[in-house]
Amino acid sequence: MEKDFDKKRIAGSLKHGLVGSSVRSLLIMTVIFVALGSLSAIVGVTLLAVYTALGSVNWGISAICIFVICVVLFTALFFGLRCVRKKINGRKEIELWLEDAVMLKAYSQYKRPHDDGPVVNFLNYLGNNNNDGYTIRISFKYDGSHLKFTSSHDYCWHKYLDKEIDVLYSPKYREVILLKPE
């Protein structure tokens, strides 16, 4: 890839979805959720201490409440950090694809997925057709051949439907990186 390419133009990839500033927002969301969980744990422990001092504490219910608060806190931390790690690994993979990437003009089009999954299919059967997810197909010519790539079903592709867009194509890894318009 050219040395003067602005990496801020990278919107995402068909494999990982849009990257944007999502790592930062996921990290902030995780910190806020952990802070709220810690606050509730502190309030719970304080109330337990007050009721113990008054002599009217129910140790069984108190132990269950503290256990539930700890489980919720650690589960939120685990899944929040897992999402952040997944986004960071996705960005590292995109950096790897940039080594041999070629900038091309491509055309994107909406592709209706064959199977949305059992829950969405059941909701559509009940009459709730409010399925905002999209699958796009990117097609372009590279090295004399016409290539087509399909994204995963996601809610982030609505800006890129049925347009001519700039993409980076990595022939070595056969991956497509979408770029923001200039």
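Keep in mind the model is a prediction, meaning the values are calculated, not measured. (Residues numbered from 1 in each chain as written. Predicted model: local features only at pLDDT ≥ 70, side-chain atom pairs only at ≥ 80, totals over all residues. Heavy atoms only, no water.)

Student: Which parts of the structure should I look at to understand the overall build of the chain?
Tutor: Per the secondary structure count, the chain includes 3 helices and 7 strands. Taken from N to C terminus, the helices and strands of the chain fall in the order β-β-α-α-β-α-β-β-β-β. Each of the 182 residues in the chain was classed as buried or not, and the buried ones make up 31%. At a minimum sequence separation of 6, the contacts of the chain that also span at least 24 residues come to 71%. Accessible area of the chain: about 12,100 Å², with a carbon and sulfur share of 63%. (Helix = DSSP H or I, 4+ residues; strand = E, 2+ residues; numbered from the N terminus. Buried < 20%, exposed > 50% of the residue type's maximum accessible area, 1.4 Å probe, protein only. Contact = heavy atoms within 4.5 Å. Areas by Shrake-Rupley, 256 points an atom, 1.4 Å probe, with all protein chains shown as cover.)

Student: For this particular structure, what's the right way to read the pattern of salt bridges?
Tutor: Any two side chains of opposite charge can pair if their charged atoms end up close together. Under the definition given, this model contains 4 salt bridges. A salt bridge links D166 to R9, with the shortest nitrogen-to-oxygen separation between them at 3.0 Å. Taken together, the residues D166 in strand 6 (residues 163-170) and R9 in the segment before strand 1 (10-13) connect sequence positions 157 residues apart. For the residue pair D166 and R9, the accessibility class agrees, reading buried in each case. (Salt bridge = Lys/Arg side-chain N within 4 Å of Asp/Glu carboxyl O.)

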